[in-house]
Amino acid sequence: MKKNPYQAYGEKRRAAHQLRQLQETRILPEGRAERDGQNLINFASNDYLGLSQHPALIARAQDYVARYGAGMTASRLVTGNAPVYTAIEERLARGKGGETALVMNSGYQANVTLLAALADAEIVGRPVVVLADRLCHNSLLQGALLAGARLIRFRHNDYDHLDTLLREHSGKAHVIIVSESVFSMDGDCADLPALIALAQRYEAMLYIDEAHATGLFGPDGFGFAAAHPGKIDVAMGTFGKALGSFGAYVVCSAILRDYLVQRCGGLIYSTALPPAVLGSIEAALELLPHMEKERTYVQAQAERLREALCTQGWNCGASTTQIIPVILGDEEAATELADILQQNGLLAVAIRPPTVPRGTSRLRLSVSAAHKEKDIDRLIEVMAAQASRFAVPAALAS
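So, a few notes on the structure that sits alongside this text. Keep in mind the model is a prediction, meaning the values are calculated, not measured. (Residues numbered from 1 in each chain as written. Predicted model: local features only at pLDDT ≥ 70, side-chain atom pairs only at ≥ 80, totals over all residues. Heavy atoms only, no water.)

1. Re the overall build of the protein chain
For the protein chain, the helix and strand inventory stands at 15 helices and 14 strands. Here the protein chain has a C-alpha radius of gyration of 21 Å; the compact-globule value for 398 residues is 21 Å, and the two agree. Here the protein chain holds 398 residues, and 55% of them are scored as buried. Taken as a whole, the protein chain presents about 17,600 Å² of accessible surface, with 52% of it coming from carbon and sulfur. If you average the places of the 39 positive and of the 42 negative side-chain charges in the protein chain, the two averages end up 4 Å apart. (Helix = DSSP H or I, 4+ residues; strand = E, 2+ residues; numbered from the N terminus. Rg over C-alpha atoms; globule rule 2.2 N^0.38 Å. Buried < 20%, exposed > 50% of the residue type's maximum accessible area, 1.4 Å probe, protein only. Areas by Shrake-Rupley, 256 points an atom, 1.4 Å probe, with all protein chains shown as cover. Lys, Arg positive; Asp, Glu negative; His and termini not counted. Charge placed at Lys NZ, Arg CZ, Asp CG, Glu CD.)

2. Quick notes on the pattern of salt bridges
Applying the stated criterion across every chain, the model contains 19 salt bridges. Close ionic contact of Arg201 with Asp163 constitutes a salt bridge, the shortest N to O distance being 2.9 Å. Pair noted here: Arg201 is in helix α9 (residues 192-202) and Asp163 is in helix α8 (residues 159-169), with a separation of 38 residues, a long-range link. When the shortest N-O distance is used, the salt bridge between Arg378 and Glu381 registers 3.3 Å. With Arg378 and Glu381 both in helix α15 (residues 373-390) and three residues apart, this pair spans about one turn of that helix. (Salt bridge = Lys/Arg side-chain N within 4 Å of Asp/Glu carboxyl O.)

3. Re the layout of surface pockets
Roughly 340 Å³ of internal volume is contained in the second largest pocket. Considering the residues around the second largest pocket, the lining is formed by 22 residues, among which Gly230, Lys231, Ile232, Asp233 and Ser253 are closest to the centre. (1 Å grid on protein atoms, 1.4 Å probe; cavity = no way out; pocket = protein on both sides within 12 Å on 5 of 7 lines; lining within 4 Å. Points joined across faces, edges and corners; volume = space filled by probe spheres on them.)

4. Observations concerning the pairing of strand β10 (residues 248-252)
Burial analysis of β10 places five of its five residues in the buried class, which makes it a mostly covered element. Where strand β4 (residues 100-104) meets β10, five bridges bridge the pair, whose relative direction is antiparallel. Bridge pairing in β10 places Ala101 opposite Val251. Strand direction decides the pairing type here: strand β9 (residues 234-238) and β10, joined by four bridges, are antiparallel. Across the sheet, the residue bridging to Thr238 is Ala248, located in β10. (Pairing = 2+ DSSP bridges.)

5. Observations concerning the nonpolar core
The biggest cluster of nonpolar side chains holds 67 residues, and the ones touching the most others in it are Leu305, Leu309, Trp314 and Leu365. Take this core: its biggest share by element is seven residues, from α15. If we ignore the near neighbours within four places in the chain, the residues touching Leu309 are Trp314, Cys316, Ile324, Val326, Leu365 and Met383. Judged by nonpolar contacts, the second largest core, of 29 residues, contains Val130, Leu141, Cys252 and Leu260. (Core = buried A, V, L, I, M, F, W, Y, C linked by side-chain atoms within 4.5 Å. Contact = heavy atoms within 4.5 Å.)

6. Digging into the packing of aromatic side chains
Summed over the entire model, instances satisfying the criterion amount to three aromatic pairs. Measuring from ring centre to ring centre gives 5.3 Å for Tyr64 and Tyr68, while their planes differ by 80 degrees; the resulting arrangement is edge-to-face. Pair noted here: Tyr64 and Tyr68 are both in helix α2 (residues 55-68), with a separation of four residues, about one helical turn. Ring centres 5.5 Å apart and planes at 45 degrees place the aromatic pair Phe239 and Tyr249 in the tilted group. Remark: Tyr249 occurs in strand β10 and Phe239 occurs in the loop between β9 and β10; sequence separation between them is 10 residues. When the ring centre of Tyr85 is taken as reference, the NZ or CZ atom of Arg76 above it lies at 3.7 Å. (Phe/Tyr/Trp six-rings, centres within 6.5 Å; stacked < 30°, edge-to-face > 60°. Lys NZ or Arg CZ within 6 Å of the ring centre and 35° of its normal.)

7. Observations regarding the sheet that holds strand β14 (residues 361-366)
Spatially, three strands are ordered β11-β14-β13 in an open sheet, and the strand pairing comes out antiparallel. The two strands at the open ends of the sheet, each matched to only one other strand, are β11 (323-329) and β13 (349-351). Here the average twist between neighbouring strands, direction ignored, is 30 degrees. Packing against the sheet, helix α14 (residues 331-343) makes contact with β11, β13 and β14, and its axis sits at approximately 35 degrees to β14. (Axes fitted to C-alpha atoms, helices over the stretch in contact; angles between N-to-C directions.)

8. Let's talk about the environment of Phe222
Along the chain, Phe222 turns up in the loop between β8 (205-209) and β9. In sequence terms Phe222 and Gly95 are 127 residues apart; their C-alpha atoms lie 5.9 Å from each other.

9. Topic: the packing of helix α5 (residues 107-118) against helix α7 (residues 138-147)
Close contact between α5 and α7 brings their axes to 7 Å; oriented N to C, the two are set at 30 degrees. Judged by the inter-axis angle, α5 sits roughly parallel to α7. Read as a crossing pair, α5 and α7 show a hand that is right-handed. Facing Tyr108, Asn111, Val112, Leu115 and Ala116 of α5, the residues of α7 in contact are Asn138, Ser139, Leu140, Gln142, Gly143, Ala144, Leu146 and Ala147. In terms of residue class, the contact of α5 with α7 is built from eight nonpolar, five polar and no charged. (Parallel < 35°, antiparallel > 145°, perpendicular 65-115°, else oblique. Left-handed = near helix turned anticlockwise from the far one by under 90°. Nonpolar A, V, L, I, M, F, W, Y, C, P; charged D, E, K, R; others polar.)

10. Observations concerning the side chain of His228
Mapped onto the fold, His228 is located in the loop between β8 and β9. With a relative accessible area of 18%, His228 lands in the buried category. Among all residues touching His228, those that are not within four sequence positions of it are Leu192, Pro193 and Ile196.

11. A closer look at empty space enclosed by the protein
Evaluated as defined, the whole model comprises one cavity of 30 Å³ or more. By volume, the largest cavity is sized at about 50 Å³. Elements with a minimum of two residues in the lining of the largest cavity: β4 and α11 (265-268). A per-class count over the lining of the largest cavity returns four nonpolar, five polar and one charged.

Next up, the structure:
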């Protein structure tokens, strides 16, 4: 009998040490999590400012449930467009220096459906080419493919390569340049001024994903794009990482916002975010401008951790942010090291292909304002004990 193809796929991934599994995890205060009955220091979360456990977010969420109920019951275009949406979108637009904003339901859904709408050749009246950084998130690539656009990936942060591609396609197609500002798996940053200059030179649309920059960088923590008001066509970000809640947003021109309300399936066909989520988003945005101390602490601790790991011989790539990869190359090594860390009271997840390129399996460490200095010290200590066995210096990495 022929083997079930879906089962065969899972077995193939298991044999390659790439099998994904759902593991029950309870998020706890002070940068901790409970898994398999263990209380662990959580270095796997995107809760960069510790806001998921902040009393103000919890209180506002509880208040909104009590006042407005558990759900919105319909899409924003039907009955789900609660008044609080306007206040949130106005605050986002001001914070990022944009004309207007639109709240979406999740980061993945936003990227897929925003790009699918923007890259529609039928609407723009000519072929569409999406030039995406090689390390862009899967959701951005899927959005381009859903639209039927031609997707070309330029070498990571290689703007000479991007320039070559722009010269080739500008004038022949509607070109959209796509990049993250902080790359989610490598923790390095795009050069936004360079991208802006190229977009302007070739009259291309510029789409920047600020999911991992929102909260930690730029004026008042509103992301790197906020330092370039009016120069980025589409700045997307999320509320589920540094802002501790859930959902996503896009900041753009009023013309684009009006178009997206007509054409973006993720907005049109999704039930609106529930009141509790909107309350926590509102509270997080109110706190954000006043959290410079936390932002400074996160970057200082990330730099301390990165320097210690590099001194021990680990390959941390080009990271300059709160996200620090420990690149091992081999899938089995990554999963084994993650298990050793858990045995020592530390939670870090092994990231393997296809999430990252083949041969770059890693642990993805992230620093939070909820971490105490002694938590960072503990991670440094445990990693030092494993360096002679696992570390693959950058000079030797493939």
